[in-house]
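Topology and contacts: notes
Each chain, letter by letter, is given below.
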Amino acid sequence: MHPTRTPLAMACLSLSLGWCLIAAAAEPEKSAHAHASDPPQRMAPIDVALDAAKIAGLPRTTATGTAHGKTLSCEGVSLAALLRASGAMPEEPLRGAQLARMVVVSARDGYRVAYSLAELDASLGAREVVLSDRCDGTALDADDGPWRLIAPGESRPARWIRQIESIRVIDAP
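As a starting point, this report considers the structure included with it. (Residues numbered from 1 in each chain as written. Predicted model: local features only at pLDDT ≥ 70, side-chain atom pairs only at ≥ 80, totals over all residues. Heavy atoms only, no water.)

This brings us to the side chain of S132. By the secondary structure assignment, S132 is in strand β6 (residues 130–135). Sequence-distant contacts of S132, defined by excluding residues within four places in its chain, comprise C74, E75, G76, L140, P146, W147, R148 and I150. (Helix = DSSP H or I, 4+ residues; strand = E, 2+ residues; numbered from the N terminus. Contact = heavy atoms within 4.5 Å.)

What follows is the structure in structure tokens.
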């Protein structure tokens, strides 16, 4: 067999050109960067500190949205900005293994939500998600605070989480 011809290419010699093009397009391409024997690159989890002083040093933003029939206007910091300031998200556009990273946000009551880093990255998804400490002009009360996420671009507020206790960046399972 010719060294540059795959078994599929050899079989195509006896098929019509149209079928060869379809079959070749479906054949998986081998990456020049990864070998079949290499395990996927895994990164260590990163716990993002909810440090009020660090958060206070980040640019403030406002987000408005409706949740459960009530319109909220909340102030806080961009979740992406907090992740960058914490070293959990790079300044440059995501690539490679970073595209399989997730942000898991947990609340006091056990509720958890996840966002992919890719959807938060300005060069990819550019989703607006705000970690807020104030809504409608006042500090969050004990029922909602000390932190809450608001994502105004989402169709429904299922990932708007209140009573935030922790933020962790992990590899997707």
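Before going further, it helps to examine the pattern of salt bridges. Within this structure, the stated rule accounts for eleven salt bridges. In this structure, E75 engages R60 in a salt bridge whose closest nitrogen and oxygen atoms are separated by 3.9 Å. Of the two residues, E75 sits in strand β3 (residues 70–78) while R60 sits in strand β2 (residues 60–67), which places them 15 residues apart along the sequence. On the basis of relative accessible area, R60 is assigned to the partly exposed category, the value being 41%. Here E154 makes a salt bridge to R127, at a shortest N to O gap of 3.8 Å. Pair noted here: E154 is in the loop between β8 (148–150) and β9 (164–171) and R127 is in the loop between α5 (117–120) and β6, with a separation of 27 residues, a long-range link. A relative accessible area of 15% means that E154 is categorised as buried. Its relative accessible area of 31% is what places R127 among the partly exposed residues. (Salt bridge = Lys/Arg side-chain N within 4 Å of Asp/Glu carboxyl O. Buried < 20%, exposed > 50% of the residue type's maximum accessible area, 1.4 Å probe, protein only.)

So, about the sheet that holds strand β4 (residues 101–107). Ordered by their spatial adjacency, four strands build an open sheet running β1-β9-β4-β5, and the pairing between neighbours is antiparallel. Two strands close off the open sheet at either side, each with one partner strand: β1 (46–48) and β5 (112–116). Here the average twist between neighbouring strands, direction ignored, is 25 degrees. Sheet topology note: the β4/β9 ladder contains seven bridges and is antiparallel. Its bridge partner being in β9, M102 is matched across the sheet by I170. (Pairing = 2+ DSSP bridges. Axes fitted to C-alpha atoms, helices over the stretch in contact; angles between N-to-C directions.)

Time to look at unusual backbone geometry. With omega at 10 degrees, the peptide bond leading from G145 into P146 counts as cis. A positive phi angle, close to 55 degrees, is found at Q163, a residue other than glycine. Residue placement: Q163 occurs in the loop between β8 and β9. Judged by its relative accessible area of 10%, Q163 falls in the buried class.

Attention now goes to the environment of I46. As for its position among the elements, I46 is in strand β1. Linking I46 and D171, residues 125 residues apart in sequence, is a C-alpha distance of 9.9 Å. Residue contacts for I46: discarding those within four places in its chain leaves G87, A88, R101, I167, R168 and V169.

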